[in-house]
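Structural overview
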Amino acid sequence: MNDNAVIFKGTKNGIIVVLDENTPYEELKKALAEKTIEAKDFFKDAKTAVKFRGANITDSQEQELIDIINKNTDLSISFVINEADAPEFTKPKFAPKPPEDNEEGKLDQLISEALVTAKKNLTTFHKGSVRSGQAIRFPGSIVVIGDVNPGGELIAEGNIIVLGMLKGLAHAGCSGSHECFVAALNMRPTQLRIAELIACFPEEESGGVPQYAYIKENQIYVEPLI
């Protein structure tokens, strides 16, 4: 096995995992497992961001590699960045918080807060539409940059944000948290769940108004974001 199939590089902003482009994926998995076991004492219980570089991997393969790191170390992964998403670690710039009485910009504020939360809680980003029969399950928050079609499912222990049309099933806080929310640019889900509570939306159009759903007094409320 190539000793350089997987290389860890530490930076002040996180850990870069360099994957050899010429090594088959299954060998990369074995190499990562061995390297993480060897480096367990080095990682300890640190909380950091992880960035993959080198080999081109799919979202499901990326999740497998994250699971290997979680299994073999006490490392707490606060954020995952793929090389295709950003060339280097950077500090995000957030829009200023709007005045309390200003409803405009509420969506930007909500997304910004979600990204800040992503530094503390693992978040996955899905680019493109979620098709019928496709399900995304994640032990954190889910952000979809696209539509969720009827028959598509999003199931998250954290929040769900859809930067598009939500027409499938969305279940936030699936582990029981009442603090989670669901937000979408166009909210038309076949079924919406937060924790154990379920809400079914009417068939008529929402008018394309961005909305978010949350729990208050043990009931799901939906409010416009603008």
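Residues numbered from 1 in each chain as written. Predicted model: local features only at pLDDT ≥ 70, side-chain atom pairs only at ≥ 80, totals over all residues. Heavy atoms only, no water.

Things to note about unusual backbone geometry
For Glu217, which is not glycine, the phi torsion reads 55° and is therefore positive. In this structure Glu217 comes out as exposed when scored by relative accessible area, which is 67%. We note that Asn218 has phi near 60°; this positive angle belongs to a residue other than glycine. You can see Asn218 is positioned in the loop between strand E14 (211–216) and strand E15 (219–224). We classify Asn218 as exposed; its relative accessible area is 52%. (Buried < 20%, exposed > 50% of the residue type's maximum accessible area, 1.4 Å probe, protein only. Helix = DSSP H or I, 4+ residues; strand = E, 2+ residues; numbered from the N terminus.)

Considerations on the packing of aromatic side chains
Enumeration according to the criterion identifies two aromatic pairs in this entry. Between Tyr212 and Tyr214 the ring centres are 5.3 Å apart and the planes differ by 25°, which places this aromatic pair in the stacked class. The lysine or arginine in question, Lys216, covers the ring of Tyr221, its NZ or CZ lying 5.9 Å from the ring centre. (Phe/Tyr/Trp six-rings, centres within 6.5 Å; stacked < 30°, edge-to-face > 60°. Lys NZ or Arg CZ within 6 Å of the ring centre and 35° of its normal.)

Focus on the confidence of the model for the chain
Residues at a pLDDT of 70 or more form 69% of the chain, whose mean pLDDT is 77. Per-element mean pLDDT across the chain ranges from 53 in strand E4 (residues 76–82) up to 95 in strand E10 (residues 169–172). Within the model, pLDDT remains below 50 along residues 82–101, and this stretch shows 31 contacts once partners closer than five positions in the same chain are excluded. (pLDDT = per-residue confidence, 0-100. Contact = heavy atoms within 4.5 Å.)

Some points on the packing of helix H1 (residues 25–38) against helix H3 (residues 59–72)
A pair of packed helices is characterised by two quantities: the angle between their axes and the separation of those axes. Contact geometry for H1 and H3: axes closest at 9 Å, N-to-C directions at 20°. Between H1 and H3, the angle is such that the two are roughly parallel. At the point where H1 passes H3, the crossing takes the right-handed sense. Along the contact surface, H1 presents Tyr25, Lys29, Leu32, Ala33, Thr36 and Ile37, while H3 presents Gln61, Glu64, Leu65, Ile68, Ile69 and Asn72. Here the residues of the contact of H1 with H3 sort into seven nonpolar, three polar and two charged. (Axes fitted to C-alpha atoms, helices over the stretch in contact; angles between N-to-C directions. Parallel < 35°, antiparallel > 145°, perpendicular 65-115°, else oblique. Left-handed = near helix turned anticlockwise from the far one by under 90°. Nonpolar A, V, L, I, M, F, W, Y, C, P; charged D, E, K, R; others polar.)

Remarks on H3
At 3.6 residues per turn, the α-helix brings residues three or four places apart onto the same side. Along its 14 residues, H3 runs 20 Å from first to last C-alpha, staying within 8% of the 20 Å computed at 1.5 Å per residue. Of all the residues in H3, the buried ones are Glu62, Leu65, Ile66, Ile68, Ile69 and Asn72. Along the long axis of H3, the arc covered by the buried residues comes to 155°, so they all point the same way. In H3, those exposed residues whose orientation departs by more than 90 degrees from the buried face are Ser60 and Lys71. (Expected span 1.5 Å × (residues − 1). Arc of directions from axis to C-beta.)

Some words on the nonpolar core
By size, the foremost hydrophobic cluster in this structure holds 27 residues, and its most contacted members are Leu154 and Val182. Those residues in contact with Leu154 that lie beyond four places of it in its chain are Val130, Ile136, Ile142, Val144, Val148, Ile160, Val162, Leu169, Ala170 and His171. Counting 17 residues, the second largest nonpolar core, distinct from the first, contains Val17, Val50, Ile57 and Leu65. (Core = buried A, V, L, I, M, F, W, Y, C linked by side-chain atoms within 4.5 Å.)

Focus on the sheet that holds E14
Strands in a sheet are paired, the pairing made by backbone hydrogen bonds, and the direction either parallel or antiparallel. As summarised here, the arrangement of the six strands in space is E5-E7-E9-E11-E14-E15, forming an open sheet in which the pairing is mixed. A strand with exactly one partner marks an edge of an open sheet, and here the two such strands are strand E5 (123–127) and E15. Taking each pair of neighbouring strands and ignoring which way they run, the sheet shows an average axis angle of 25°. Of the pairings in the sheet, the one linking strand E7 (residues 141–145) to strand E9 (residues 160–166) comprises three bridges and is parallel in character. Across the sheet, residue Val143 finds its bridge partner in E9, namely Ile161. (Pairing = 2+ DSSP bridges.)

Notes on a nonpolar patch on the surface
On the surface, Ile145, Leu163 and Leu185 cluster together into a nonpolar patch covering about 210 Å² of accessible area. Note that Leu163 resides in strand E9. The exposure class assigned to Leu163 is partly exposed, which follows from its relative accessible area of 31%. (Patch = residues over 30% accessible without salt bridge, like charges linked within 9 Å, V, L, I, M, F, W, Y side chains within 5 Å. Areas by Shrake-Rupley, 256 points an atom, 1.4 Å probe, with all protein chains shown as cover. Salt bridge = Lys/Arg side-chain N within 4 Å of Asp/Glu carboxyl O.)

Re the sheet that holds E10
Pairing within the open sheet is mixed, and its five strands lie in the order E6-E8-E10-E12-E13. Of all the strands in the sheet, just strand E6 (135–138) and strand E13 (197–199) have a single pairing partner and so form its edges. Each adjacent strand pair in this sheet contributes to an overall mean axis angle of 10°, direction not counted. Pairing of strand E12 (residues 191–194) with E13, which is carried by three bridges, proceeds in the antiparallel orientation. Along E13, the bridge assignment pairs Leu192 with Ala199.

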